[in-house]
Amino acid sequence: MLKASTARPSGLGFAARLGLSPRFHAICARIPGLKHIARAEGRALFDIVSGFVQSQALLALVELRVLHRLTEGPLPAGDLGAFARVAPQPMAVLLQAGAALGLMRQRRGLWRLTTRGAAFLAVPGLEAMVRHHPVLYRDLADPVAFFRGETQPELAGFWPYVFGAGGVADPALAARYSELMADSQGLVAADTLALVDLSGSQRIMDVGGGTGAFLAAVGAACRGPELVLFDLPAVVPAAKARFAASGIDPRVTILPGSFRSGPLPEGADTISLVRVLYDHADSTVADLLAKAFQALPPGGRLVISEPMSGGDHPDRATDVYFSVYTLAMQTGRTRSANEITALLGAAGFADIKNYGGFRPFVTSVMTARRPI
Ligand SMILES: C[S@@+](CC[C@H](N)C(=O)[O-])C[C@H]1O[C@@H](n2cnc3c(N)ncnc32)[C@H](O)[C@@H]1O
């Protein structure tokens, strides 16, 4: 084991050498200005160490429907415990944990929802996301085996649609995935459309468009463009219902198909790929981008929107959550804007723009053009 006090690792930077020195920490704890920095750093470290317990406390509050119950009004701990069928002492621990997470608070013996707790329930898809996390949690139970590739992650079987048309032949399975994806699509579409103006497009084809939430948002935001949805045959029936409900069906064409077999349909001057690339291996992405390039006219635009790695500026949401998630899926990976730029360049695209994202944990956006 490394003895921090005696080891003198020569290749380490100055800051890391200081971090390894107990003497440095003892000095920091005594000096007023540094004391605060040291405490904040200690808190940040403990936050990382205890993150999994925080997530599980949240999951318990969700599964026991404590947060939902509090939407009906303030309640004493006893009522919440009886409702959740949890004994008073563990219930007190869970409620206090929920308060520490900022989801609820207690005043005059009554527990009530905070704005954060209410927002958790209101953000589309967040609750469903938390409720499917036990799958990822099981996959990460032995993280060493997970990263060594010695286990078969359960998550790899949870999203079979990524394996191609055959993988999603079961409509029930397609519906399960579609709900989880579609719930959060509103946020992704809003952030994407706030960054990229599609109103000048004549015809937009959303490849891997799922149940059509992105196109529905485009249709509501821009009156002009014709809209085309391209996705696997088992996925598109749900899109028909959405387009009918949102009143944009006269403008929409649905083209069932697989981008793994044959070229992409031509005719659109804009192609969008929303949360599609990160599901797939580099070879599949290279092939898909080449097909998008072929399908676009000269000057045509490609829009890519998905959570991206921070690359040289690692981002906690995408480089911890999405990167590990896509690793567990075993089919794709979370790429940085630079990596996507390289793939776009190899496919022939030019005028590559990286817009970043308002909320990288929701999405980041890039565009590129087929040269004229
Ligand atoms: C992660 S989902 C994203 C759906 C939607 N764009 C969104 O953001 O909610 C990926 C989509 O790609 C579709 N897909 C996967 N393989 C495909 C293929 N070979 N051809 C066409 N679509 C495919 C899936 O059916 C799914 O709708």
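Conventions used here
Residues numbered from 1 in each chain as written. Predicted model: local features only at pLDDT ≥ 70, side-chain atom pairs only at ≥ 80, totals over all residues. Helix = DSSP H or I, 4+ residues; strand = E, 2+ residues; numbered from the N terminus. Contact = placed C-beta atoms within 7 Å. Expected span 1.5 Å × (residues − 1). Buried ≥ 20, exposed ≤ 12 C-beta atoms within 10 Å, placed from the backbone. Pairing = 2+ DSSP bridges. Axes fitted to C-alpha atoms, helices over the stretch in contact; angles between N-to-C directions. Near = placed C-beta within 6 Å. Nonpolar A, V, L, I, M, F, W, Y, C, P; charged D, E, K, R; others polar. Right-handed = clockwise from strand over helix to strand, strands pointing away. Core = buried A, V, L, I, M, F, W, Y, C linked by C-beta atoms within 7 Å. Parallel < 35°, antiparallel > 145°, perpendicular 65-115°, else oblique. Left-handed = near helix turned anticlockwise from the far one by under 90°.

Novice: What exactly am I supposed to notice about the overall build of the protein chain here?
Specialist: Counting its regular elements, the protein chain contains 16 helices and nine strands. Taking the principal axes of its C-alpha atoms as reference, the protein chain extends roughly 65 × 60 × 40 Å. Within the protein chain, counting contacts between residues at least 6 apart in sequence, those at least 24 apart form 66% of the total.

Novice: Hey, could you run me through helix α3 (residues 32–49) in this one?
Specialist: One turn of the α-helix equals 3.6 residues, which is why residues spaced by three or four share an orientation. For α3, spanning 18 residues, the distance from its first C-alpha to its last is 26 Å, which sits close to the expected 26 Å at 1.5 Å a residue. Of all 18 residues in α3, zero are buried, a share of ten percent or less.

Novice: Got a minute to help me understand the sheet that holds strand β7 (residues 301–306) in this structure?
Specialist: What holds strands together in a sheet is hydrogen bonding between their backbones, with the strands either parallel or antiparallel. Reading across from one edge, β5-β4-β3-β6-β7-β9-β8 is the order of the seven strands in this open sheet, with mixed pairing throughout. Sheet topology places β5 (252–256) and β8 (350–356) at the edges, where each strand pairs with a single neighbour. Taken pair by pair, the neighbouring strands of this sheet meet at an average axis angle of 15°, ignoring direction. Judged from the five bridges that link them, strand β6 (residues 270–274) and β7 form a sheet pairing that is parallel. Across the sheet, residue Ser-272 finds its bridge partner in β7, namely Val-303.

Novice: Would you take a moment to explain the site of the ligand for this structure?
Specialist: Around the ligand there are 22 residues in total, and Met-181, Gly-208, Gly-210, Ser-258 and Arg-275 lie nearest to it. If you tally residues by element for the shell around the ligand, the top one is helix α11 (residues 171–195), at four residues. Its residues assigned to classes, the shell around the ligand comprises 12 nonpolar, six polar and four charged.

Novice: Is there a simple way to think about the pairing of strand β3 (residues 203–207) in this case?
Specialist: Two faces belong to every sheet, and in a regular strand the side chains alternate between them. A large share of β3 lies buried, amounting to four of its five residues. As paired strands, β3 and strand β4 (residues 226–231) are joined by five bridges and run parallel to one another. Residue pairing across strands places Asp-206 opposite Leu-229, the latter belonging to β4. Crossover β3 to β4 through helix α12 (residues 213–221) is right-handed. The pairing of β3 with β6 spans four bridges and is parallel. Across the sheet, the residue bridging to Asp-206 is Ser-272, located in β6.

Novice: In this structure, what is going on with the environment of Leu-103? I would like to understand it.
Specialist: Examined against the element boundaries, Leu-103 turns out to sit in the loop between α7 (88–100) and β1 (104–107). Using a count of 25 C-beta atoms within 10 Å as the deciding quantity, one classes Leu-103 as buried. In the structure, Leu-103 is positioned 157 residues away from Arg-260 in sequence and 44 Å away in space, judged by C-alpha atoms. The contacts of Leu-103, once residues within four sequence positions are left out, are Leu-61, Leu-67, Gly-98, Thr-114, Arg-116, Gly-117 and Phe-120.

Novice: Looking at this structure, how should I read the nonpolar core?
Specialist: A general trend in soluble globular proteins is that nonpolar side chains are found buried together. Residues Val-207, Ile-271, Ala-292, Leu-302 and Ile-304 are the most contacted members of the largest nonpolar core, which totals 52 residues. The biggest single contributor to this core is helix α14 (residues 282–295), with six residues. Ignoring anything within four residues of it in the chain, the contact list for Ile-271 reads Met-205, Val-207, Ala-292, Ala-295, Leu-296 and Leu-302. Ala-57, Val-62, Val-66 and Leu-70 belong to the second largest nonpolar core, which has 14 residues in total.

Novice: Explain the packing of helix α4 (residues 51–63) against helix α9 (residues 126–139) here, please?
Specialist: Packed helices, taken two at a time, are described by the angle between their axes plus the distance between the axes. Two numbers describe how α4 lies on α9: the axes approach to 10 Å, and their chain directions differ by 115°. When the interaxial angle is binned, α4 and α9 end up roughly perpendicular. Of the two elements, α4 crosses α9, and the hand of that crossing is left-handed. Side by side, α4 and α9 meet where Ser-55, Leu-58, Leu-59 and Val-62 of the first sit next to Glu-127, Val-130, Arg-131 and His-133 of the second. Looking at side-chain class alone, the contact of α4 with α9 contains four nonpolar, two polar and two charged residues.

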